[in-house]
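Structure assessment
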Amino acid sequence: MAVRRLAPPEQQPKDFAFTAENDAWARKVIARYPDGRQQSAIIPLLWRAQEQHHGWLPEAAIRYVADMLGIAHIRALEVATFYTMFLLSPVGKKAHVQVCGTTPCMLRGAGELFEVCHRRIHHDPLHVSADGDFSWEEVECLGACVNAPMVLIWSDTYEDLTAESFEKVLDGFAKGQPVKPGPQIDRQLAAPVGGPTTLKTVKA
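Attention here is on the structure that accompanies the text. Please read these numbers as outputs of a predicted model, since none were measured by experiment. (Residues numbered from 1 in each chain as written. Predicted model: local features only at pLDDT ≥ 70, side-chain atom pairs only at ≥ 80, totals over all residues. Heavy atoms only, no water.)

**Some thoughts on the overall build of the chain**
- Looking only at helices and strands, one finds seven helices and five strands in the chain.
- In the chain, the order of α-helices and β-strands from amino to carboxyl end is α-α-α-α-β-α-α-β-β-β-α-β.
- Across its three principal axes, the chain shows a C-alpha extent of roughly 60 × 55 × 35 Å.
- The buried share of the chain, reckoned over its 204 residues, is 40%.
- In the chain, 64% of the contacts between residues at least 6 apart in sequence involve partners at least 24 apart.
- With the model as given, the accessible surface of the chain reaches about 12,100 Å², and the carbon-plus-sulfur share is 55%.
- Charged side chains in the chain number 21 positive and 24 negative. The centres of these two groups are separated by 6 Å. (Helix = DSSP H or I, 4+ residues; strand = E, 2+ residues; numbered from the N terminus. Buried < 20%, exposed > 50% of the residue type's maximum accessible area, 1.4 Å probe, protein only. Contact = heavy atoms within 4.5 Å. Areas by Shrake-Rupley, 256 points an atom, 1.4 Å probe, with all protein chains shown as cover. Lys, Arg positive; Asp, Glu negative; His and termini not counted. Charge placed at Lys NZ, Arg CZ, Asp CG, Glu CD.)

**Brief notes about the nonpolar core**
- Phe18, Ile42, Leu45, Leu46, Leu57, Val65 and Leu69 are the most contacted members of the largest nonpolar core, which has 25 residues in total.
- Elements that contribute at least two residues to this core include exactly helix H1 (20-30), helix H2 (42-52), helix H3 (59-69) and helix H4 (73-82).
- The dominant element in this core, judged by the number of residues it contributes, is H3, at seven residues.
- Apart from residues no more than four positions distant in its own chain, Leu46 is found in contact with Leu57, Ile62, Val65, Ala76, Val79, Ala80 and Phe86.
- Of all hydrophobic cores here, the second largest spans 24 residues; its members include Ala95, Trp136, Ala144 and Met150. (Core = buried A, V, L, I, M, F, W, Y, C linked by side-chain atoms within 4.5 Å.)

**Quick word on the pattern of salt bridges**
- Counted according to the given criterion, the structure contains 10 salt bridges.
- With a shortest N-O distance of 3.0 Å, Asp23 and Arg27 are connected by a salt bridge. Taken as a pair, Asp23 and Arg27 lie in helix H1 at a separation of four residues, close to a single helical turn.
- Note that Lys93 is salt-bridged to Asp133, the shortest N-O span being 3.6 Å. With a gap of 40 residues between them, Lys93 in the loop between H4 and strand S1 (95-100) and Asp133 in the loop between helix H6 (110-120) and strand S2 (134-139) connect regions that are remote in the sequence.
- Exposure remark for Lys93: the relative accessible area of 61% places this residue in the exposed category. (Salt bridge = Lys/Arg side-chain N within 4 Å of Asp/Glu carboxyl O.)

**Comments concerning H1**
- All of the buried residues along H1 are Asn22, Asp23, Ala26, Val29 and Ile30. Projected down its long axis, H1 carries its buried residues within an arc of 120°, all on one side. With respect to the buried face of H1, the exposed residues turned more than 90 degrees away are Ala20, Glu21, Arg27 and Lys28. (Arc of directions from axis to C-beta.)

**With respect to the pairing of S2**
- With respect to burial, S2 is a largely interior element, five of its six residues being buried.
- Strand direction decides the pairing type here: S1 and S2, joined by six bridges, are parallel. Residue pairing in the sheet places Ala95 in a bridge with Phe134 of S2. (Pairing = 2+ DSSP bridges.)

Have a look at this one:
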């Protein structure tokens, strides 16, 4: 597993606090847990903090959530640095692209998606594009193997991609008009390409 480090001090905000809306939401989440078990709310609270802070999780937010839950800062840091769902350095303002690089996606063309990322975003992963709008990284299986290759952007998956259709997905985010998530070919969810081939009739 790669070492996951916090962003350098010069990129870290001095402080963090939930908005009034997120604070109310967080307190409702914490209240779901019995006394003495409030620390179990750490993952949803860190996730909401990341969403609030432009898609990445600064150290100040990790410490803020730890204080809210009454746990040691190091416990919250352990969670934030373990789970790759938490992004520890600045990401693109319009899209952070997670490209699946496991076997099914690589066999079906993920290499071409990486080439698009190198050319359009940055040669290296976890770097923000020159205009500040995009960033990308390679990740492990995202669970849509039958629709490989695919990427995750924020909370949505874009599947059955080619280099050309991936370019269109990025164009949509660049214009502020994301394309519809899911398969980017003519198929419904994970149904067979071209429609069913067996069990098409039902006997009375």
